[in-house]
Amino acid sequence: MNPIAPKINERELFGFTSPDKLREINQKKSRAMVSKLTDLKSVISKLVKDGDYLGIGGFGMDRIPAAALHEIVRQKKKNLTLAGHTATHDGQILCAGSCIDKIDAAYVVGVELLGLSINYRRLFQEGRVKVTEWTNATLAWRYKAAAMGLSFLPVRTMLGTETIKHSRAVEYKCPFTGETYALVPACSPDIAIIHVPRADKFGNCQIDGITVSDSDLARASKKVIITAEEIITTEQIRSEPERTIIPYYCVDAVVHIPYGSYPCNMPGKYYFDLDHLNEWSQAEKDLNNFEKFLEKYIYSVKDWQEYLERCGGKKRLAELRAMELLESTDSIHVIASPLARNDVTHSYNMVEFMICAASRVLEDNKTIVVGTGLPMLAAMLAQKTHAPNLLMMFEAGGIAPLLPALPLSVGDSRTHYKSLVATSMPDIMESCARGIVDYAFLGGAQIDRFGNLNSTMIGTDYEKPKVRLPGSGGANDLASLCWNTVIIIKMDKHKFVEKLDFLTTPGYLSGKGAREKAGLPPNTGPYKVITDCCVLSFDKETKEMQIESLHPGITLEEVQNRCSFKIKAGSKPTTTQEPTQKELEILRREIDPKGQVISK
């Protein structure tokens with residue numbers, strides 16, 4: 001193979017170990033089945049060293065090793081490099097302790113539907129952390145490469161974007177097809193910490209529900225710490241060997257730590273504690289208050305049990321368990337939304353309008369990968385109205401769940417409730433790469449005339465951005481690999497821009513043929529853009545955005561005034577259909593009865 005360019009950029013490569021060096025490390029590891037049970041304080045002190053590259057199991061706010069992360073902060077570990085693979089509250093914890101100075105950023109600074117963490121963003125915006133950009137899929141595939149004993153894997157995402165320019169991927173021509181691929185280097189964390197429902201004393205681990213990338217992470221890492229809700233016997237492991245996701249010979253230490261993912265979700269055991277997560281967010285607004293918060297909840301507590309007691313103890317944990325098991329009205333839709341009315345036909349807000357308009361784009365018997373927030377509501381509404389056989393996939397690994405309530409994230413246990421399959425993130429992304437998925441449903445902070453998206457930063461200085469945003473997450477991967485991309489975004493001149501501050505996710509790049517030239521799969525790209533004043537599509541020849549329909553009462557002049565580039569009208573824009581009474585009733589009474597999204 002001949003490289004298109006010997007080096008794409010000068011970004012620092014974090015987490016790379018040559019396959020032969022990793023083989024040597026693994027050769028020296030004991031194969032003995034001896035008890036690895038230990039306590040949290042000792043294992044963090046012994047195995048986590050300043051300057052280590054840290055990989056974290058779970059996804060976003062689902063099954064994270066929160067107890068271990070608190071201990072890292074309490075022991076004041078420094079100069080860590082974080083694999084920011086859907087790093088939400090886990091990254092928030094480590095940034096609170098100023099433990100990180102480098103990060104592989106796939107998804108950072110966000111805390112799902114709770115928004116962006118002020119303190120987490122501060123590290124990026126003040127230039128106190130070195131960053132290399134990735135996507136959720138490429139970071140997962142970096143683990144997979146290391147787990148396979150390879151130095152890289154070829155992929156078809158990031159191509160044509162600034163995300164690849166700020167990564168350490170290299171573009172190559174395939175010797176068999178001549179197509180362009182991005183080669184992503186293997187990633188071998190110095191230490192991985194993974195929280196699981198059950199393990200035996202040797203480190204054989206079972207995981208309920210989605211596995212994300214934890215199987216590959218455990219096999220790619222030099223050392224692995226397991227924290228477990230429950231310690232079971234090896235006889236129980238042997239009775240169901242198909243449930244063992246991580247085998248003992250990958251594991252260096254096991255810690256029994258019930259409720260070790262709190263305040264995040266542990267599938268089948270307890271739900272998010274949104275009150276406590278909101279308390280974090282509020283405390284971050286003032287540095288003095290935040291210091292007091294950290295002293296109360298991390299530095300002055302003797303152990304995890306004391307922390308749980310300070311957060312409400314057994315009573316609160318019982319409430320969260322009832323919510324997870326759908327035994328509590330706090331977690332299911334029985335309370336009418338404050339927006340719900342008897343006469344709802346012509347009484348709606350523009351968030352509801354956008355959701356309804358977006359849902360009508362989705363066809364029955366198609367497949368969609370759904371993002372958090374508005375896309376999730378639109379897909380749920382489509383299923384409950386005109387597209388009952390719409391097959392929903394969630395990036396973290398849930399396929400075709402029977403959603404009992406609105407999930408708070410794409411890794412939330414609701415996203416694999418009674419699903420057909422609870423699989424991994426690489427499996428979902430590989431399904432997209434094989435052409436299985438019809439729609440990706442995304443949002444963004446900025447969009448240009450060709451449907452390219454920015455979700456990385458606002459400003460002109462990448463090293464010290466005015467506003468740091470989460471990054472690609474899975475957006476670049478999904479927009480690169482799915483057949484059609486549906487985008488939902490409010491329209492104003494700060495969002496619809498002539499030039500993006502950062503091209504995170506590919507639309508049609510610079511116009512017709514540009515996607516294919518960059519190496520992205522043919523016949524893919526943006527399909528519709530749903531806004532709060534119109535629905536947009538793309539001209540078949542130029543691939544530029546054009547107005548397909550105007551919302552009632554909106555004029556062409558108003559649309560243009562809310563857009564910083566010249567926007568074209570199609571042959572004759574129609575009027576977007578208003579939400580029906582049935583759609584609004586379903587939205588308010590079944591999908592989002594508490595107004596978590598539709599009331600914003």
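Because the structure is predicted, anything quoted here is derived from the model rather than measured.

Calculation criteria
- Residues numbered from 1 in each chain as written.
- Predicted model: local features only at pLDDT ≥ 70, side-chain atom pairs only at ≥ 80, totals over all residues.
- Heavy atoms only, no water.
- Helix = DSSP H or I, 4+ residues; strand = E, 2+ residues; numbered from the N terminus.
- Rg over C-alpha atoms; globule rule 2.2 N^0.38 Å.
- Buried < 20%, exposed > 50% of the residue type's maximum accessible area, 1.4 Å probe, protein only.
- Contact = heavy atoms within 4.5 Å.
- Areas by Shrake-Rupley, 256 points an atom, 1.4 Å probe, with all protein chains shown as cover.
- Lys, Arg positive; Asp, Glu negative; His and termini not counted.
- Charge placed at Lys NZ, Arg CZ, Asp CG, Glu CD.
- Pairing = 2+ DSSP bridges.
- Right-handed = clockwise from strand over helix to strand, strands pointing away.
- pLDDT = per-residue confidence, 0-100.
- Salt bridge = Lys/Arg side-chain N within 4 Å of Asp/Glu carboxyl O.
- Axes fitted to C-alpha atoms, helices over the stretch in contact; angles between N-to-C directions.
- Phe/Tyr/Trp six-rings, centres within 6.5 Å; stacked < 30°, edge-to-face > 60°.
- Lys NZ or Arg CZ within 6 Å of the ring centre and 35° of its normal.

Caption draft 1: Quick look at the overall build of the protein. On a plain count of helices and strands, the protein comes out with 20 helices and 27 strands. The C-alpha atoms of the protein give 24 Å as radius of gyration, which agrees with the globular expectation for 600 residues (25 Å, within 12%). C-alpha extents for the protein along the principal axes are approximately 75 × 65 × 50 Å. Counting over 600 residues, the protein shows a buried share of 61%. Looking at the protein alone, contacts between residues at least 24 apart form 75% of all its contacts between residues at least 6 apart. Total accessible area on the protein stands at roughly 22,800 Å², and carbon and sulfur atoms take up 50% of it. Distance between charge centroids for the protein: 3 Å, based on 74 positive and 72 negative side chains.

Caption draft 2: How the structure looks around helix α3 (residues 66–74). Most of α3 is tucked away: 9 of the 9 residues are buried. The first or second residue beyond α3 is Lys 76, which carries a positive phi of 55°.

Caption draft 3: Expanded view of the pairing of strand β27 (residues 568–575). Pairing geometry for strand β26 (residues 545–550) and β27, over 4 bridges, is parallel. Bridging from a neighbouring strand, Ser 549 pairs with Thr 574 of β27. A crossover links β26 with its parallel partner β27, the connecting element being helix α19 (residues 556–561), and its sense is right-handed.

Caption draft 4: Up close: the environment of Ser 347. With respect to the secondary-structure elements, Ser 347 resides in the loop between α13 (313–324) and α14 (350–359). Judged by its relative accessible area of 24%, Ser 347 falls in the partly exposed class. On a C-alpha basis, the gap between Ser 347 and Gly 397 in space is 37 Å, while along the polypeptide they are 50 residues apart.

Caption draft 5: Just the confidence of the model for the protein, in detail. In this model, the protein carries an average pLDDT of 94, and 96% of its residues clear a pLDDT of 70 or more. Contacts of residues 1–7 to residues separated by more than four positions or lying in other chains number 15 contacts, the stretch itself having pLDDT below 50. Low pLDDT, under 50, characterises residues 331–345; the predicted model gives this stretch 40 contacts beyond four residues in sequence or across chains.

Caption draft 6: Quick look at the side chain of Glu 284. Position of Glu 284 among the secondary structure elements: in the loop between α10 (274–283) and α11 (287–299). Buried and without a salt bridge, Glu 284 has Arg 122 as its closest oppositely charged side chain, separated by 7.0 Å. The residues contacting Glu 284, other than those within four sequence positions of it, are Gln 92, Ser 117, Ile 118, Asn 119, Arg 122 and Phe 290.

Caption draft 7: Main features of the sheet that holds strand β8 (residues 180–185). Strand order across the open sheet formed by 3 strands is β6-β8-β7, with antiparallel pairing between neighbours. Edge positions in the sheet fall to β6 (152–155) and β7 (170–173), since each has one partner strand and no second. Averaged over all neighbouring strand pairs, the angle between strand axes comes to 35°, with direction disregarded. Sheet topology note: the β7/β8 ladder contains 4 bridges and is antiparallel. Within the sheet, the bridge partner assigned to Lys 173 lies in β8 and is Thr 180. Along the sheet, helix α6 (residues 136–147) contacts β6 and β8; its crossing angle with β6, the most-contacted strand, is approximately 140°.

Caption draft 8: Examining the pattern of salt bridges more closely. Scanning the model with the defined rule gives 32 salt bridges in all. Glu 71 serves as the salt-bridge partner of Arg 74, at 2.8 Å between the closest nitrogen and oxygen. Of this pair, Arg 74 and Glu 71 both sit in helix α3, 3 residues apart, roughly one helical turn. For the pair Arg 74 and Glu 71, one class covers both residues: buried. In this structure, Glu 179 and Arg 156 form a salt bridge, with 4.0 Å as the shortest nitrogen-oxygen distance. Separated by 23 residues along the polypeptide, Glu 179 in the loop between β7 and β8 and Arg 156 in the loop between β6 and α7 (162–165) bring together distant segments of the chain. Overlapping salt bridges bring together Asp 273, Asp 275, Lys 315, Arg 316 and Glu 319 as one network.

Caption draft 9: Representation of the pairing of strand β3 (residues 80–84) within the structure. Most of β3 sits out of view: 5 of its 5 residues are buried. The alternating pattern of β3 places Leu 80, Leu 82 and Gly 84 on one face and Thr 81 and Ala 83 on the opposite face, and all of these are buried. Inspection of the sheet shows strand β2 (residues 53–56) paired to β3 by 2 bridges, in the parallel sense. Across the sheet, the residue bridging to Leu 54 is Leu 82, located in β3. With α3 bridging β2 and the parallel β3, this β-α-β connection has right-handed handedness. With 5 bridges connecting them, β3 and strand β4 (residues 100–105) associate as parallel partners. By the bridge assignment for β4, Gly 84 is matched with Ala 105.

Caption draft 10: Expanded view of the packing of aromatic side chains. Enumeration over the complete set of coordinates arrives at 15 aromatic pairs. Note on Tyr 120 and Phe 124: the rings are 6.3 Å apart at their centroids and 50° apart in plane angle, and the pair reads as tilted. One end of the pair, Tyr 120, and the other, Phe 124, are both in helix α5 (residues 118–125), 4 residues apart, so they sit about a helical turn from each other. Judged by its relative accessible area of 3%, Phe 124 is buried. Aromatic ring contacts, followed pair by pair, group Tyr 262, Trp 280, Phe 290, Phe 293, Tyr 297, Trp 304 and Tyr 307 into a single cluster. Over the ring of Trp 134 we find Arg 142, and its NZ or CZ is 4.5 Å from the ring centre. In this structure, Lys 528 is placed above the aromatic ring of Tyr 527, and the distance from its NZ or CZ to the ring centre is 5.0 Å.

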